[in-house]
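Single-letter residue listing:
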Amino acid sequence: MNFINSAPRPVVGGTPTTQASKGPYLELSMYKEVPTGEISLEEFEEYALDRLRVLKAIEEAKLRSKSEDTIQADVETLLKKHMQGSSRQQTYRKDVLSHHILRLAYCRTADLRSWLLAQEALLFKFRFKALGRQQQVEFFSSMGLPYHAISDAEFEDLAGQLAAVLNACGEWDKAKAVTSSSRRGDTHGLQDIGRAGAAAAAAASSRPLFYKVPFQAVPDLVGSRRVLLRAGQAYVGEDQAYVGEDQVYSLVVGAFRSCLSASLAEAARAWGAFSAAEADRLAPLVDSLPSRSVYGSDNRKVPVGEISAGQLAGLVAGRHFPLCMSVMYERLASEHHLKHWGLQQFSLFLKSIGLPLEQALLFFRQQFAARTPGDKFNKEYAYNVRYNYGQEGKRQDWSEWSCVKIINQEVGGACAGAGECNGGCPYKTYSAEQLRAALSRLNCNDKVIREVVDKARGKHYQLACGLAFEGITGSPQETGINKPSEYYASSIELATQRAAAAAGANGAGAQQGQQQQQGQQAGGGAVQPQQQGGAPQTPAGQRAVAAGTPA
Ligand code: SF4
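Quick caveat, the model's predicted, so the values are computed rather than measured.

### A look at the site of the ligand
Logical step 1: The full set of residues close to the ligand is Pro322, Cys324, Cys403, Ile406, Cys425, Pro426, Tyr427, Gln462, Cys465, Ile481 and Pro484.
Logical step 2: At the level of elements, helix H18 (403–408), helix H19 (426–429) and helix H22 (461–473) are the ones that each hand at least two residues to the shell around the ligand.
Logical step 3: Considered class by class, the residues forming the shell around the ligand number 10 nonpolar, 1 polar and no charged.

Structure, rendered in structure tokens:
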């Protein structure tokens, strides 16, 4: 399949062919060639979402400042869970295809390109690091780059000078290792075995490994005189670090990044033709990938059971709504109106948390009443609400918007300024000052506010939202927030658990039979007032259970 020039046919089976499939590194590729072959539409979507799961988990781990070793272990688990096929060949096929599908999906804007570039480079780095020493050396050679591990003979020739440079940099242990390896004299006689053989032998031996690279590839090391230079070549130690990153890894990842960056630019140029040719089939699917939630229905708990319009005020006061929705609720209450996208975003969220259509119409009619008479509301706004509930137009059961969609939605001004609200994510649209004020109203302490503002400033809006959840509830939101209803579900679940625990504790001194009865009632979902910092009662009958698309 060529994703750009020819459309894939939806046929099950087929194996893509690429240059790397002939080589020994089925698990790691530079993805230089577009794969050809056939793939079913189901596989197409599944592969893309599985790779996104891996990339988003790595991004989150990085942003949570997990250590490199922890992320390295996480990546291994993630790859096993999401990317492993039934055979080595199938695993490789999934890897290559999923990479190219995402390349297409993320080529359209500078933001999308830069996100994919950053995450793919991280994934590539961790996978490269997981290779054995010999595989790394051979992969280096197979990349077609002018970087090569030096042979034992060259090492013997240069050992004295390499040790001198290391000594001058204060790397005494490494210098000592170079000198003692050279003195062992067990590395002679390799001059004639060719570059690949020399590299393999170098990797197999226990002596320090050095790569020979053009000096302009390592300007930082050259500038700080931390590397031996000879005939325009710099001799870089395998674990030679500069500004916190192993130089060898940054060389290989740098090569990967420039290759992917050029491919993304090329895909962006070809996107127009592709989307026109595939307007009815692949283009909408590819187009939707960046805004898709990557969590399956079993990963999230959405409370089931109906809530009424009368309970919404209590839920907002109880801080169960994410900031985007509580802002919208408050702005609706003060302005008695929402702009189009605001109404869409908010009504779909209310639907997803269990507000039935009649109650939604009642709620919006009441809220709009001060500015919009009933008959005008019925004509101009009720249709949209009914449409979202699948009662008008296509009669489709629309799902709530994901955070990615809300964040990426261009809704000029959103709720950042005064006046009517048009939706959006406050962590993106608010200024630092507005965010501080909003979080302070939610009783977040200064430390939390600082962290949230930092994350928002770094454009990590969903993480900022997760941190705010932690600041508001005092409990971490481990699974991440991908939809506003997930925030709500986590908050309700936590409140329910706390109420059940409180009911159990209160009943400890009372009669045993009554205690059990009370505990069962609380566990069934009726959260008592004043738990979670004054949170009001949660909707009777709602309890957190695994659920998929909001009903
Ligand atoms: Fe709403 Fe998602 Fe933004 Fe949180 S991250 S405020 S849930 S859009």
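### Digging into the packing of aromatic side chains
Logical step 1: For the coordinates displayed, the defined rule picks out 22 aromatic pairs.
Logical step 2: Centre to centre, the rings of phenylalanine 363 and phenylalanine 364 are 5.1 Å apart; their planes meet at 65 degrees, and the pair counts as edge-to-face.
Logical step 3: According to the relative accessible area criterion, phenylalanine 363 is buried, its value standing at 2%.
Logical step 4: Given a relative accessible area of 0%, phenylalanine 364 falls into the buried group.
Logical step 5: Pairing phenylalanine 368 with tyrosine 381 gives two aromatic rings, centres 4.8 Å apart and planes at 55 degrees, and the pair type is tilted. With phenylalanine 368 in helix H15 (residues 357–368) and tyrosine 381 in the loop between helix H16 (374–380) and helix H17 (382–388), this residue pair connects regions lying 13 residues apart in the sequence. Each member of the pair, phenylalanine 368 together with tyrosine 381, is buried.
Logical step 6: Every member of this aromatic cluster is reached through a ring pair, and the members are Tyr329, Phe346, Phe363, Phe364, Phe368, Phe377 and Tyr381.
Logical step 7: In this structure, lysine 125 is placed above the aromatic ring of phenylalanine 126, and the distance from its NZ or CZ to the ring centre is 5.2 Å.

### Observations concerning the pairing of strand E4 (residues 233–237)
Logical step 1: Burial within E4 is extensive, with 4 of its 5 residues counted as buried.
Logical step 2: With 3 bridges connecting them, strand E3 (residues 228–230) and E4 associate as antiparallel partners. Its bridge partner being in E4, leucine 229 is matched across the sheet by alanine 234.
Logical step 3: With antiparallel pairing between neighbouring strands as the criterion, E3 and E4 make up a hairpin whose turn holds 2 residues, including alanine 231 at a positive phi of roughly 50 degrees.

### What about the sheet that holds E4?
Logical step 1: The 4 strands are arranged E1-E2-E4-E3 in an open sheet whose pairing can be described as antiparallel. One side of each edge strand has no neighbouring strand; the edge strands of this open sheet are strand E1 (148–149) and E3.
Logical step 2: Here helix H6 (residues 152–168) sits on the sheet and contacts strand E2 (210–214), E3 and E4; the angle it forms with E3, its principal contact strand, is near 135 degrees.

### Quick word on helix H20 (residues 432–441)
Logical step 1: All of the buried residues along H20 are Leu435, Ala438 and Leu439. Down the axis of H20, the buried set is contained in an arc of 95 degrees. They therefore lie on one face. Those residues of H20 that are exposed and aimed more than 90 degrees away from the buried face are Glu433 and Arg441.
Logical step 2: Of the surrounding elements, those touching the buried residues of H20 are helix H13 (323–335), H19, helix H21 (446–457) and H22.
Logical step 3: Once H20 finishes, asparagine 443 follows within two positions and takes phi at roughly 65 degrees, a positive value.

Parameters and conventions
- Numbering of residues starts from 1 in each chain and follows the order in which that chain's sequence is written.
- For this predicted model, a pLDDT threshold of at least 70 governs which residues receive local features, and a threshold of 80 or more governs which side-chain atom pairs are given and counted, while totals over whole chains, interfaces and linings are taken from all residues.
- Neither water nor hydrogens contribute to the side-chain values; these are computed over all heavy atoms in the structure.
- Here a residue is considered near a molecule or strand provided that any single heavy atom belonging to it is located within 4 Å of it.
- Only DSSP runs of H or I with at least four residues qualify as helices, and only runs of E with at least two residues qualify as strands; both kinds are numbered from the N terminus onward.
- Under the convention adopted here, Pro, Cys and the residues Ala, Val, Leu, Ile, Met, Phe, Trp and Tyr are nonpolar, Asp, Glu, Lys and Arg are charged, and Gly plus all remaining residues are polar.
- In this scheme Phe, Tyr and Trp rings, the latter by its six-membered ring, pair at centre separations within 6.5 Å, and the angle between planes marks the pair as stacked below 30 degrees, edge-to-face above 60, and tilted otherwise.
- Here's how the labels work: a residue is buried when its accessible area is under 20% of the maximum for its type, exposed when over 50%, partly exposed in between, all with a 1.4 Å probe on protein chains only.
- Charges are assigned to positions over rings by a cutoff of 6 Å between ring centre and Lys NZ or Arg CZ, combined with an angular limit of 35 degrees from the ring normal.
- Whether two strands pair depends on DSSP finding at least two bridges between them.
- Residue contacts are defined here by distance: any two heavy atoms, one from each residue, within 4.5 Å place the two residues in contact.
- To get an axis, fit a line to the C-alpha atoms, keeping to the stretch in contact for a helix; angles then go from 0 to 180 degrees between the N-to-C directions.
- Note that the arc is computed from the directions linking the helix axis to the C-beta atoms.

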